[in-house]
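One-letter residues, chain by chain:
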Amino acid sequence: MTLLVVYFIVINLLLTGLIIYLQKQSKTERKRIYSLLDEERNKLKKKHSEDKNRRGNFRLTLNRKDCTLVLKESTHDNMEKLKERSLKGYIENISASGVKFVCRYDLPVKFNFKVTAVFELRGEEFSLNADIVRKEEHTNHKLMIYGLKFVGMAAKDQERLSIILHRIESENRKRIS
């Protein structure tokens, strides 16, 4: 009978020890899982903040600033007839590295157009070479939106553009506050 009680106590202690061990393991595993979840959450937050402004330069929204694109060259031979053609439109937003240009012309951007964007900001004339890097079609308004990336921009022009954009942004902030 005492042997049976001893076995019962030993088995009880072993089971209790096993339960405590498994609980600690479970707690350690939960901590590890929570740590991994936190890392993933932080990665997503970082990616989300990068997606908000994927560009190195801040973008300034303009109120339909007139702009003319002059088509310079294309990788497709049939597009030669469009060379030096001017497209009238407007700038929706701008940064020191590119613009969002809106117009009614539908260009086949797969032919890698090189253009010159001609516009004026605060009395300063700009004529900047750019590549068309993307296109959005808005059929409900019959408008085409092109993403232009400035290429071969002189440091002087980039500095001049950046200064004007920062001045406009500063004035906009003053008006808001």
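Please refer to the structure higher up on the page.
Residues numbered from 1 in each chain as written. Predicted model: local features only at pLDDT ≥ 70, side-chain atom pairs only at ≥ 80, totals over all residues. Heavy atoms only, no water.

Undergrad: Report on the pairing of strand β4 (residues 114-121), specifying residues and quantitative values.
TA: Sheet topology note: the strand β1 (residues 60-73)/β4 ladder contains 6 bridges and is antiparallel. Counterpart to V70 in the pairing with β4 is T116. The pairing of β4 with strand β5 (residues 124-138) spans 8 bridges and is antiparallel. Along β5, the bridge assignment pairs A117 with L128. (Pairing = 2+ DSSP bridges. Helix = DSSP H or I, 4+ residues; strand = E, 2+ residues; numbered from the N terminus.)

Undergrad: Tell me what's going on with helix α2 (residues 155-176), and back it up with residues and numbers.
TA: If you check α2, its first and last C-alpha atoms are 32 Å apart, about what 22 residues at 1.5 Å a residue would give, namely 32 Å. Every buried residue of α2 is accounted for by L161, I164, L165 and I168. Down the axis of α2, the sector holding all buried residues measures 100°, keeping them to one side. Turned more than 90 degrees away from the buried face of α2 sit A155, K156, E159, R167, R173 and K174, all of them exposed. Looking at the buried positions of α2, the neighbouring elements they touch are β1, β2 (86-95), β4, β5 and β6 (143-150). (Expected span 1.5 Å × (residues − 1). Buried < 20%, exposed > 50% of the residue type's maximum accessible area, 1.4 Å probe, protein only. Arc of directions from axis to C-beta. Contact = heavy atoms within 4.5 Å.)

Undergrad: Describe in detail the sheet that holds strand β3 (residues 98-103), supporting the description with residues and values.
TA: The antiparallel closed barrel is built from 6 strands, whose spatial order is β1-β2-β3-β6-β5-β4. Geometrically, the sheet is characterised by an average inter-axis angle of 45° between neighbouring strands, direction not taken into account. Each of β1, β2, β4, β5 and β6 is contacted by α2, which is oriented at about 75° to β5, the strand it contacts most. (Axes fitted to C-alpha atoms, helices over the stretch in contact; angles between N-to-C directions.)

Undergrad: Quick rundown of the pattern of salt bridges? Include the residues and the values.
TA: With the rule as written, the count across this model stands at 12 salt bridges. Between E92 and K100 there is a salt bridge, with the nearest N and O atoms lying 3.3 Å from each other. Take E92: its relative accessible area is 26%, and that puts it in the partly exposed class. Among the ionic pairs, E171 bridges to R122, the shortest N-O distance being 2.6 Å. In this pair, E171 is assigned in helix α2 and R122 in the loop between β4 and β5, connecting sequence segments 49 residues apart. A single network of salt bridges, built from pairs that share partners, joins D106, K135 and E137. (Salt bridge = Lys/Arg side-chain N within 4 Å of Asp/Glu carboxyl O.)

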